[in-house]
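Chain and residue survey
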Amino acid sequence: MKLIFIRHAEPNYEIDSLTEKGWREARLLAGRACRWEVTDFYCSPLGRAQDTASCTLHKIGRTAQTLEWLREFKAPIWDEIQKRRKVPWDFHPEFMDAHPELFHLEHWSQNETLRQGDVGAQYQWVCQELDKLLEKYGYFRKGYRYHAQENAQRDAVVACFCHLGVTCACLSHLINTTPSQLWQGFFLAPTSVTAIGTEERRPGEAYFRCQSLGDTAHLLLGGEPVSYYGYFTEPFQG
């Protein structure tokens, strides 16, 4: 099966919707996504994701199920360097360098800053809900991999309109790395497409493998610049 995570278009956070540019991005995305053979659509409850999805869903006459856990990852922490509450990523490099546990699969959530924000509990909730969704398609978590039942929907394509933070959390669970590494090390531009699919090199034993990460081909082909939202310098426009 394939999972497609789509970050919302350029946001207007004040009204939890999209900027004018964001609506242009969403329409270009719809021109791409309408060609996919999607089994089911799911969406975050937040307005910016719902509005992004609306362009695609209207174009193809489909609906999406809203899932609470697809909202932006919600576990604010206190950043001692920036002296403010913030999302549990976008740390300054010196913070990461001082806390090697953030790179350890079994210990990352024990970092004192993350513990104060209850990040580990929120992460576990997202992972548990993701696994419940996968079970609907016949894939059951078994250690660091998944067991595919005989009736597993191997051809299913599931598209999720959501957010940068929760996408990285889901990816980290599927490929067994720390979310801190993905939150800190990867930028997913607005309306970017991330696709991850199962491989069964032995029948019934499935592992998820990322096929594309943060793809914005629809923006480049449509002459729409890649938005910088979520990045701290000018993103690559090539």
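Everything below is about the structure shown above.
Here is a short report on the structure shown in this document. (Residues numbered from 1 in each chain as written. Predicted model: local features only at pLDDT ≥ 70, side-chain atom pairs only at ≥ 80, totals over all residues. Heavy atoms only, no water.)

The next thing to look at is the sheet that holds strand S9 (residues 145-148). What links the strands of a sheet is backbone hydrogen bonding, and the strands pair in either a parallel or an antiparallel sense. If you trace the 8 strands from one edge of the open sheet to the other, you get S5-S4-S10-S1-S11-S12-S9-S8, paired in mixed fashion. Two strands bound the open sheet, and with one partner strand each, they are strand S5 (65-66) and strand S8 (139-142). Sheet contacts for helix H5 (residues 119-136): strand S1 (2-7), strand S4 (40-43), S5, S8, S9 and strand S12 (205-215); angle to S8, the most-contacted strand, approximately 135°. The strands that helix H6 (residues 164-175) touches are S1, S8, S9, strand S10 (157-162), strand S11 (193-202) and S12; relative to S12, the one it contacts most, it runs at about 150°. (Pairing = 2+ DSSP bridges. Helix = DSSP H or I, 4+ residues; strand = E, 2+ residues; numbered from the N terminus. Contact = heavy atoms within 4.5 Å. Axes fitted to C-alpha atoms, helices over the stretch in contact; angles between N-to-C directions.)

One non-glycine residue with positive phi stands out, namely Asp16, at about 50°. Assignment of secondary structure puts Asp16 in the loop between strand S2 (11-12) and strand S3 (17-18). Even without a glycine there, the phi angle at Asp118 is positive, about 60°. The residue Asp118 is located in the loop between helix H4 (112-116) and H5 in this model.

Moving on: the environment of Leu219. One can find Leu219 in helix H8 (residues 217-221). When the C-alpha atoms of Leu219 and Ser192 are compared, they prove to be 8.8 Å apart, with 27 residues separating the residues in sequence.

With that out of the way, let us pick up the packing of aromatic side chains. Under the defined criterion, the tally for this structure stands at 11 aromatic pairs. Taken together, the ring pairs in this structure connect Phe73, Trp89, Trp108, Tyr123 and Trp183 into an aromatic cluster. The side chain of Lys86 reaches across the aromatic face of Phe91, ending 4.6 Å from its centre. (Phe/Tyr/Trp six-rings, centres within 6.5 Å; stacked < 30°, edge-to-face > 60°. Lys NZ or Arg CZ within 6 Å of the ring centre and 35° of its normal.)

Quick look at H6 now. The terminal C-alpha atoms of H6, which comprises 12 residues, lie 16 Å apart, in line with the 16 Å expected from a rise of 1.5 Å per residue. Counted residue by residue, H6 has 11 buried out of 12 residues, so it is predominantly covered. Following H6 by one or two positions, Asn176 has its phi on the positive side, about 65°. (Expected span 1.5 Å × (residues − 1). Buried < 20%, exposed > 50% of the residue type's maximum accessible area, 1.4 Å probe, protein only.)

As a further point, take the pairing of S10. Every regular strand shows the same layout, with side chains that alternate between the two sheet faces. Counting buried positions along S10 gives 6 out of 6 residues, so the element sits mostly inside the fold. Residues Val157, Ala159 and Phe161 of S10 are buried on one face, and the alternating residues Val158, Cys160 and Cys162, pointing to the opposite face, are buried as well. Where S1 and S10 come together, 6 bridges link them in parallel fashion. If you follow Ile4 over to S10, its bridge partner there is Ala159.

On to the side chain of Thr216. Within the secondary structure, Thr216 sits in the loop between S12 and H8. When near neighbours in sequence (up to four residues on either side) are disregarded, Thr216 contacts Ala189, Ser192 and Val226.

One can describe the packing of H5 onto H6 by two numbers: an axis separation of 10 Å at closest approach and a directional angle of 70°. By the angle between their axes, H5 is roughly perpendicular relative to H6. The way H5 lies across H6 gives a crossing that is right-handed. Across the interface between the two elements, Tyr123, Val126, Cys127, Leu130, Asp131 and Leu134 of H5 pack against Val166, Ala169, Cys170, Ser172, His173 and Leu174 of H6. The residue inventory of the contact of H5 with H6, partitioned by class, reads 9 nonpolar, 2 polar and 1 charged. (Parallel < 35°, antiparallel > 145°, perpendicular 65-115°, else oblique. Left-handed = near helix turned anticlockwise from the far one by under 90°. Nonpolar A, V, L, I, M, F, W, Y, C, P; charged D, E, K, R; others polar.)

Looking at the secondary structure, you find Tyr228 in the segment after H8. Residues Tyr228 and Phe187, spaced 41 residues apart in sequence, show a C-alpha to C-alpha distance of 9.3 Å. For Tyr228, the residues in contact, after removing those within four places along its chain, are Phe187, Thr233 and Pro235.

What follows is about the side chain of Thr52. Positionally, Thr52 belongs in helix H2 (residues 47-60). Side-chain polar atoms of Thr52 contact the backbone oxygen of Arg48, separated by 2.7 Å. Those residues in contact with Thr52 that lie beyond four places of it in its chain are Arg7, His8, Ala9, Leu18, Ala26, Leu29, Phe161 and Thr191. (Polar contact = N/O pair within 3.5 Å; in protein donor to acceptor, adjacent residues only side chain to side chain.)

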